Amino acid sequence: MSEIRNHHILSVLVQNRPGVLARVASLFARRGFNIFSLAVAPAEDEGFSRITIVVDVDSAPLEQVVKQLFKLIEVVKISELDPRRSVERELLLATVRTTAEQRGQVVELTNIFEGKILAVGAEAITVSLDGHPDKLDDFEELLAGYGIVELQRTGRVALPKLDREARLRAVSNKKTDNGKAG
Amino acid sequence: MKITGAQALIRSLEMENVETIFGLPGGCILPAYDPLLDSPIRHILVRHEQGAGHMAEGYAHVTGRPGVVLVTSGPAATNMVTPLMDAFMDSIPMVCITGQVGTAAIGTDAFQECDTVGITRSCTKHNELVMSAQDIPMAIRQAFHIATTGRPGPTLVDIPKDCLTNMMDWHWPTDEEVAESLPGYRPTTKGHARMIKEAAKLILASERPLLYIGGGVLKARAAEAVRELAELTNIHVVTTLMARGAFPDDHALCLGMPGMHGNATAITAMQQSDLLINIGARFDDRITGKLSEFAKEAKVIHVDIDPAEQGKVRKPDVPIVGDAKYVTEELIKAIRDLLQTGSTQADTGAWKSRVSGWREQFPLSYAPSEPGEALKPQFCLEALRDSAPEGTILVSGVGQHQMWSSQYWTFNEPYTWVNSGGLGTMGFSVPAAIGAKVGRPDRTVWAIDGDGCFQMTAQELVTASVERIPIKVAILNNSYLGMVRQWQEMFYEERYSEVYLSPEVPNFVMWAEAMGCVGIRVDSPEEVQPAIDKANSINDRPVVIDFRVDAREKVFPMVPAGYGNDDMLLPEWQEPNRGGLK
């Protein structure tokens, strides 16, 4: 998780049609690209979804990833998001083994991180935390000391920052740029 | 007006001006075969779905129009995987329509069900599962639009049986509706003007320029423009395996095929050029050899309609995304502009005399057989070539015979060469030749095949006989999987493993006759010409000639896999002079 510097965040706008996620996933498999995380849900326009993909590549192959992705008929727009100029969020759910004595410590830890207690059992507790992926990394590391029974993270979602410096580098936009399809 | 989905499908195909379908019916596609009886579309009933796919490819190769396949679900769809992948690799426009189990049965492992769109996802440019009869016309329009525009390729439409039987309101989508339905598909055809100007300057400045043209020139109908460019600038041309015929072999500027089994001049010209003008080729590994040793001093202009080809293998100095014909014509204008405004072309004289020297010293050659020795395959090809009527279309399978065909034939016209380049599909030639003959019934079509290839798809000669498609097949029969044998001889110390095919079984003449063809066997050089003359005189049925050729014959030159092009192996009698390749 600490090698986040080698990751690239792609925000991919696709037509919301059956099989589109499978197309994206099989393209990555076929071309030997690694997906680090992937999140997908309907976007603001009806009929479109946004896929946030964190790709595990050097920058040269990244160009190929983007170009190959863009060849998919249902892909409408691809933006590479600069982590410094985008907001990133992720959600974590974890069930942690706790004795009655330790429970207070886990609750305290969760409160410090501004997380939530979702369920409490005799020997375990389920907590949630949303926030920047780095924050989730720290939280997960601290929870590990108690013994994590189950853990699920959503993978990051991201959008460009709204401030004046926000720079959504449109890698490709089929609607305006005539240089990318084929 | 209410019609069934099946009627809508056939009407949609008619609206797309489809004249011929290659197919084979079955359970799920049955409803579509009924309205087909009332349609002017010709249906060619194949004996195996793979045959339908390659026929559609052969048809598309020679006509430039999409080949259309109609087959059922399950095994028929999986049998289409090879031709779809073949068409995808070679950018052949093809539309495949498959039947599917009823929408209610999808996902239940029903009889002859398979996940067709899942299986064919990575071997089509696009595919689609239709879920309502109403959607059929749009799906067909999209499939044809996507298959034939941008970088062409195969598309597939999977139609469940109930969508074929349900009623729908006929509506043929407008161009605007199609465009609106595909917001993510806008192929670039107009190359960037600044890049084109940049390319023009580089071309005029180059002392060792070379045009490296690929299949994209044929797809874009750009052969004439490329010829004009070559003649305007007096630059030599190499034609890749996919581009044979795109520039005439008998033209003084044509150097023929480069690559693993290219000729020494074409290979060396690429290696020593200072500017490769790539139009519609993709720096395939069979062309470049070891990449780090490939054309080290060359700058690269890369014209390709597919942006993903730019920089995929070799980083271009001037990338131009666009249609090969448009860009080439613009390039010609840009060069003319520069010449008219005082620019001059660099002196290419020294380079041209070097190229001429190589051509003289290192022609393609083989050792003719001594009297009583086995027949040479190259000799058969030369005889076929010299007796071929004007405009003959040559179709080959994959292996040694394919390389000799490309080497020893003279292609003077575009769309007269059909082969499986990217995927290297053995068994391609017989069905592809049938498709080519259907597309160009006015032309003689010769399939050059190996005995290994022939045994993979020969059953389609039954289709050819029954449908009266009189192709001609020349089997260069060495009783071996010849190309594998060559590698085992050269790189595995002559340890021949599983490459020997029986010389007596099958009996190719009897097999051909059983399929309704004329069968001829040729063992000696004297029999070659009479057999070819007889074959050329038969036009009412297919002909198969079984040429028994020397199994020891190898394809040269050869760049061994993993080696740089400079390390090509020459025929032994040229090796002593290899110092001349400088």
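Residues numbered from 1 in each chain as written. Chains lettered and ligands numbered in written order. Predicted model: local features only at pLDDT ≥ 70, side-chain atom pairs only at ≥ 80, totals over all residues. Heavy atoms only, no water.

**Quick word on the overall build of chain A**
Which entries qualify depends on this criterion: Counting from the N terminus, the helices are DSSP H or I runs at least four residues long and the strands are E runs at least two residues long. Relative accessibility under 20% of the residue-type maximum defines a buried residue, over 50% an exposed one, and the middle range a partly exposed one, all with a 1.4 Å probe and only protein chains included. In what follows, a contact means two residues having at least one pair of non-hydrogen atoms within 4.5 Å.
Scanning chain A from N- to C-terminus turns up four helices and 10 strands. Secondary structure elements in chain A, listed N-terminal to C-terminal, are β-α-β-β-α-β-β-α-β-β-α-β-β-β. Considering chain A as a whole, with its 182 residues, one finds that 44% of them fall into the buried category. Here the analysis covers contacts within chain A between residues at least 6 apart in sequence; of these, 73% occur between residues at least 24 apart.

**Things to note about the overall build of chain B**
Rules: Put simply, the radius of gyration uses C-alpha atoms, and a globule should come to 2.2 Å times the residue count raised to 0.38. Where accessible areas are quoted, they stem from the Shrake-Rupley method and a 1.4 Å probe; at the residue level, only the protein chains shown are allowed to cover.
Helices and strands together make up the secondary structure of chain B, namely 24 helices and 20 strands. Against the globule reference of 25 Å for 582 residues, chain B gives a C-alpha radius of gyration of 25 Å, in line with a compact fold. Its C-alpha atoms give chain B principal-axis dimensions of about 75 × 65 × 40 Å. Across the 582 residues that make up chain B, the buried fraction comes to 61%. Looking at chain B alone, contacts between residues at least 24 apart form 75% of all its contacts between residues at least 6 apart. Total accessible area on chain B stands at roughly 21,600 Å², and carbon and sulfur atoms take up 51% of it.

**As for the domain arrangement of chain A**
Residue and element names in this part refer to chain A. This is how the line gets drawn: Domains are outlined according to an automatic or database domain assignment. Any Lys or Arg side-chain nitrogen found within 4 Å of a carboxyl oxygen on Asp or Glu counts as a salt bridge. Polar contacts here mean pairs of N or O atoms no more than 3.5 Å apart (in protein, one a potential hydrogen donor and the other a potential acceptor; neighbouring residues in sequence count only if both atoms are side-chain atoms).
Splitting chain A by domain gives domain 1 (4–82 + 167–173) and domain 2 (88–158). A straight line from the C-alpha centre of domain 1 to that of domain 2 covers 29 Å. Taken together, the eight residues of domain 1 in the interface contact six residues of domain 2. Across the contact surface, domain 1 and domain 2 share zero salt bridges. Where domain 1 touches domain 2, the interface holds zero residue pairs in polar contact (both at pLDDT 80 or more).

**What to know about the packing of aromatic side chains**
Using the following cut-off: Classification of ring pairs uses Phe, Tyr and Trp, with its six-membered ring standing for Trp, and accepts pairs whose centres are within 6.5 Å; under 30 degrees between planes counts as stacked, over 60 as edge-to-face, and the remaining range as tilted. Charges are assigned to positions over rings by a cutoff of 6 Å between ring centre and Lys NZ or Arg CZ, combined with an angular limit of 35 degrees from the ring normal.
The tally for this structure, following the rule as stated, stands at 15 aromatic pairs over all chains. Centre to centre, the rings of A:Phe28 and A:Phe33 are 6.0 Å apart; their planes meet at 80 degrees, and the pair counts as edge-to-face. Given a relative accessible area of 1%, A:Phe28 falls into the buried group. Between the aromatic rings of B:Tyr366 and B:Tyr408, the centroid separation amounts to 5.7 Å while the plane-to-plane angle is 80 degrees, which identifies the pairing as edge-to-face. Highlighted residues: B:Tyr366 in the loop between α16 (349–361) and α17 (377–387) and B:Tyr408 in helix α18 (residues 400–408), separated in sequence by 42 residues. Owing to a relative accessible area of 13%, B:Tyr366 belongs among the buried residues under this scheme. Ring-pair connections join several aromatic residues into one group, and the members of that group are B:Tyr212, B:Phe283 and B:Phe294. The ring of B:Trp170 carries the charged tip of B:Arg11 above its face, separated from the ring centre by 5.1 Å. One residue, B:Arg485, lies across the ring of B:Tyr480, its end atom 4.9 Å from the ring centre.

**Some points on the domain arrangement of chain B**
Residues and elements named next belong to chain B. We count it as follows: Two parts placed together each lose some accessible area under a 1.4 Å probe, and adding up what both lose gives the buried area. In this classification, the charged set is Asp, Glu, Lys and Arg, the nonpolar set is Ala, Val, Leu, Ile, Met, Phe, Trp, Tyr, Cys and Pro, and all remaining amino acids, among them Gly, are polar.
When its domains are assigned, chain B resolves into domain 1 (2–181), domain 2 (193–361) and domain 3 (377–548). Inter-centroid distance (C-alpha atoms) of domain 2 to domain 3 is 32 Å. Facing the 17 residues of domain 2 at the interface are 18 residues of domain 3. Summed over both sides, the interface of domain 2 with domain 3 buries roughly 1,400 Å², with 57% coming from carbon and sulfur. For the pair domain 2 and domain 3, the interface holds zero salt bridges. The interface formed by domain 2 and domain 3 holds eight residue pairs in polar contact (both at pLDDT 80 or more) in total. Each residue belonging to the side of domain 2 that touches domain 3 can be placed in one class, and the counts come to eight nonpolar, three polar and six charged.

**Observations concerning the confidence of the model for chain A**
Detailed reading of the predicted coordinates is not advisable wherever pLDDT is low. As a reminder of what qualifies: By definition, pLDDT measures how confident the predictor is in each residue, and it falls between 0 and 100.
Residue-level pLDDT values for chain A average 86, and 85% of them are 70 or greater. In the model, residues 175–182 of chain A has pLDDT below 50 throughout and makes 23 contacts with residues more than four positions away in sequence or in other chains.

**Quick notes on the sheet that holds strand β12 (residues 275–279) of chain B**
Pairing between sheet strands relies on hydrogen bonds along the backbone, with the strands arranged either parallel or antiparallel. Residue and element names in this part refer to chain B. Basically, it comes down to this: Paired strands are those between which DSSP finds at least two bridges. Comment: axis = line fitted to C-alpha atoms, over the contacting stretch for helices; angle = value between 0 and 180 degrees taken between N-to-C directions.
One open sheet holds the six strands; their spatial order is β11-β10-β9-β12-β13-β14, and the pairing between them is parallel. Both outer strands of the open sheet, β11 (254–256) and β14 (318–321), are each paired with one neighbouring strand and no more. The mean inter-strand angle of the sheet, taken between neighbouring strand axes irrespective of direction, is 20 degrees. In the sheet, strand β9 (residues 209–213) pairs with β12 via five bridges, with the strands oriented parallel. Looking across to β12, one finds that Leu210 is bridged to Leu276.

**With respect to the interface of chain B and chain A**
On the side of chain A, 23 residues touch chain B, which itself brings 25 residues to the contact. Between chain B and chain A, a total of about 2,000 Å² is buried, with carbon and sulfur atoms accounting for 51% of that surface. Linking chain B to chain A there are two salt bridges. Here B:Glu128 and A:Arg17 are joined by a salt bridge, their closest N and O atoms 3.2 Å apart. Where chain B touches chain A, the interface holds seven residue pairs in polar contact (both at pLDDT 80 or more). Contributing elements (two or more residues each) for the side of chain B that touches chain A: β6 (126–129) and α7 (136–148) of chain B. At three residues, the largest contribution of residues to the side of chain B that touches chain A is made by β6(B). Tallied by class, residues from the side of chain B that touches chain A come to nine nonpolar, nine polar and seven charged.

**Focus on the nonpolar core**
Residue and element names in this part refer to chain B. Note the following rule: Residues belong to one nonpolar core when they are buried, are Ala, Val, Leu, Ile, Met, Phe, Trp, Tyr or Cys, and are joined through side-chain atoms within 4.5 Å.
By size, the foremost hydrophobic cluster in this structure holds 48 residues, and its most contacted members are Val395, Phe454, Leu461 and Val473. Counting the residues that make up this core, at least three belong to each of domain 1 (2–181) and domain 3 (377–548). Ignoring any residue separated from it by four or fewer positions in sequence, one finds Phe454 in contact with Val430, Asp449, Leu461, Val473, Ile475, Phe508, Trp511, Met515 and Val544.

**Looking at α7(B)**
Residue and element names in this part refer to chain B. Note the following rule: Expected span, for any helix, means 1.5 Å times one less than how many residues it has.
An ideal rise of 1.5 Å per residue puts 18 Å on 13 residues; α7 measures up with 18 Å between its terminal C-alpha atoms. Most of α7 sits out of view: 10 of its 13 residues are buried. Within α7 the residues assigned to the buried category are Ile136, Pro137, Ala139, Ile140, Arg141, Gln142, Ala143, Phe144, Ile146 and Ala147. Taken from the residues just after α7, Gly150 is the one with a positive phi, measuring 60 degrees.

**Description of the side chain of B:Ser429**
Following the sequence through the fold, B:Ser429 ends up in helix α19 (residues 429–439). Looking at B:Ser429, its side chain comes within polar contact range of the side chain of B:Asp449, at 3.0 Å.

**A closer look at the packing of helix α13 (residues 264–272) of chain B against α16(B)**
Residue and element names in this part refer to chain B. Our working rule: Angle categories: roughly parallel below 35 degrees, roughly antiparallel above 145, roughly perpendicular from 65 to 115, and oblique for all the rest. Helix crossings are classified by the rotation of the near helix relative to the far one: an anticlockwise turn of less than a right angle makes the crossing left-handed, while a clockwise turn makes it right-handed.
Where α13 meets α16, the axes come as close as 9 Å, and the angle between the chain directions of the two elements is 150 degrees. Classified by the interaxial angle, the pair formed by α13 and α16 is roughly antiparallel. As α13 packs across α16, the resulting crossing turns out to be right-handed. Together, Thr265, Thr268, Ala269 and Gln272 of α13 and Trp351, Arg354, Val355, Trp358 and Arg359 of α16 make up the contact between the two elements. Here the contact of α13 with α16 is composed, by residue class, of four nonpolar, three polar and two charged.

**Details of the pattern of salt bridges**
By the definition in use, this model includes 38 salt bridges over all chains. Residues joined by salt bridges that share partners form a network here, namely A:Lys71, B:Arg151, B:Asp306, B:Glu309 and B:Lys312.

**A word on the sheet that holds strand β20 (residues 543–548) of chain B**
Residues and elements named next belong to chain B. Strand order in this open sheet of six strands is β16-β15-β17-β18-β20-β19, and the pairing throughout is parallel. In this open sheet, the two strands that pair with only one neighbour each are β16 (417–418) and β19 (518–522). Sheet topology places strand β15 (residues 393–396) next to β16; two bridges connect them, and they run parallel. Bridged to Leu394 within β16 is Trp417.

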